[in-house]
Amino acid sequence: QVQLAESGGGVMQAGGSLRLSCVASGPISSINRMSWYRQAPGKQRELVASIGATGVANYADSVKGRFDISRDFIRNTVDLEMNSLEPEDTAVYYCNADIITSTSYYHVAFWGRGTQVTVSS
């Protein structure tokens, strides 16, 4: 019953900022990598940003310098601060985490339900 829950999506004008949050809950033993993906209408899902267990972050070229990913190792949360938003950022954003549960020997990928981000021009 491990679950990921996203929040913080909404509508924002171009140039504005939004902060997405994701919390992992349930029988969690450890979390390795946590990531944010997005899927725009008519397009494939793409990796936006990820952050490892040591805190090293990676970003897609399209968001590098505008978005910041961070995590809280105590609360099992990962945030995505999105700045200088553009209409092209409009998509459903999904939280992803590689988790060892109380019954698994290896990390298993879990996904949130997604949160809508709409950027108007």
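Everything below is about the structure shown above.
Parameters and conventions
- Residues numbered from 1 in each chain as written.
- Predicted model: local features only at pLDDT ≥ 70, side-chain atom pairs only at ≥ 80, totals over all residues.
- Heavy atoms only, no water.
- Helix = DSSP H or I, 4+ residues; strand = E, 2+ residues; numbered from the N terminus.
- Polar contact = N/O pair within 3.5 Å; in protein donor to acceptor, adjacent residues only side chain to side chain.
- Contact = heavy atoms within 4.5 Å.
- Buried < 20%, exposed > 50% of the residue type's maximum accessible area, 1.4 Å probe, protein only.
- Pairing = 2+ DSSP bridges.
- Disulfide = S-S within 2.5 Å.
- Core = buried A, V, L, I, M, F, W, Y, C linked by side-chain atoms within 4.5 Å.

A. Expanded view of the side chain of Thr115. Relative to the helices and strands, Thr115 is located in strand S11 (residues 115-120). In this structure the side chain of Thr115 is engaged in a polar contact, spanning 3.3 Å, whose partner is the backbone nitrogen of Gly9. Dropping the residues within four chain positions of it, Thr115 is found in contact with Glu6, Gly9, Leu20, Ala91, Val92 and Tyr93.

B. Representation of the pairing of strand S3 (residues 18-25). Residues Leu18, Leu20, Cys22 and Ala24 point to one face of S3 and are all buried, whereas Arg19, Ser21, Val23 and Ser25, pointing to the other face, are not buried. In this structure, S3 lies alongside strand S8 (residues 77-82), joined through six bridges in antiparallel fashion. When the bridges of S8 are listed, Arg19 appears paired with Glu81.

C. Representation of the state of the cysteines within the structure. A full pass over the atoms with the stated rule returns one disulfide. In this model Cys22 forms its disulfide with Cys95; the gap between the sulfur atoms is 2.1 Å. Between Cys22 and Cys95, the S-S torsion sits near -80 degrees, and that sign places the bridge as left-handed. Within this pair, whereas Cys22 is found in strand S3, its partner Cys95 is found in strand S9 (residues 91-101), the two being separated by 73 residues in sequence.

D. A look at the nonpolar core. The biggest cluster of nonpolar side chains holds 28 residues, and the ones touching the most others in it are Trp36, Phe67, Val78, Leu80, Met82 and Tyr93. Elements with a contribution of two residues or more to this core: S3, strand S4 (28-39), strand S5 (46-51), strand S7 (67-72), S8, S9 and S11. Ranked by residue count, the leading element in this core is S9, at five residues. Ignoring any residue separated from it by four or fewer positions in sequence, one finds Leu80 in contact with Leu18, Arg19, Leu20, Trp36, Val48, Ala49, Phe67, Asp68, Ile69 and Tyr93.

E. The arrangement of unusual backbone geometry in detail. Its identity as a non-glycine residue notwithstanding, Asn76 has a phi of 55 degrees, on the positive side. Asn76 gets classed as partly exposed once you look at its relative accessible area, which sits at 24%. The residue Ser84 is not glycine, and still its phi comes out positive at about 50 degrees. Mapped onto the secondary structure, Ser84 falls in the loop between S8 and S9. Accessibility expressed as a relative area gives 42% for Ser84, which makes it partly exposed.

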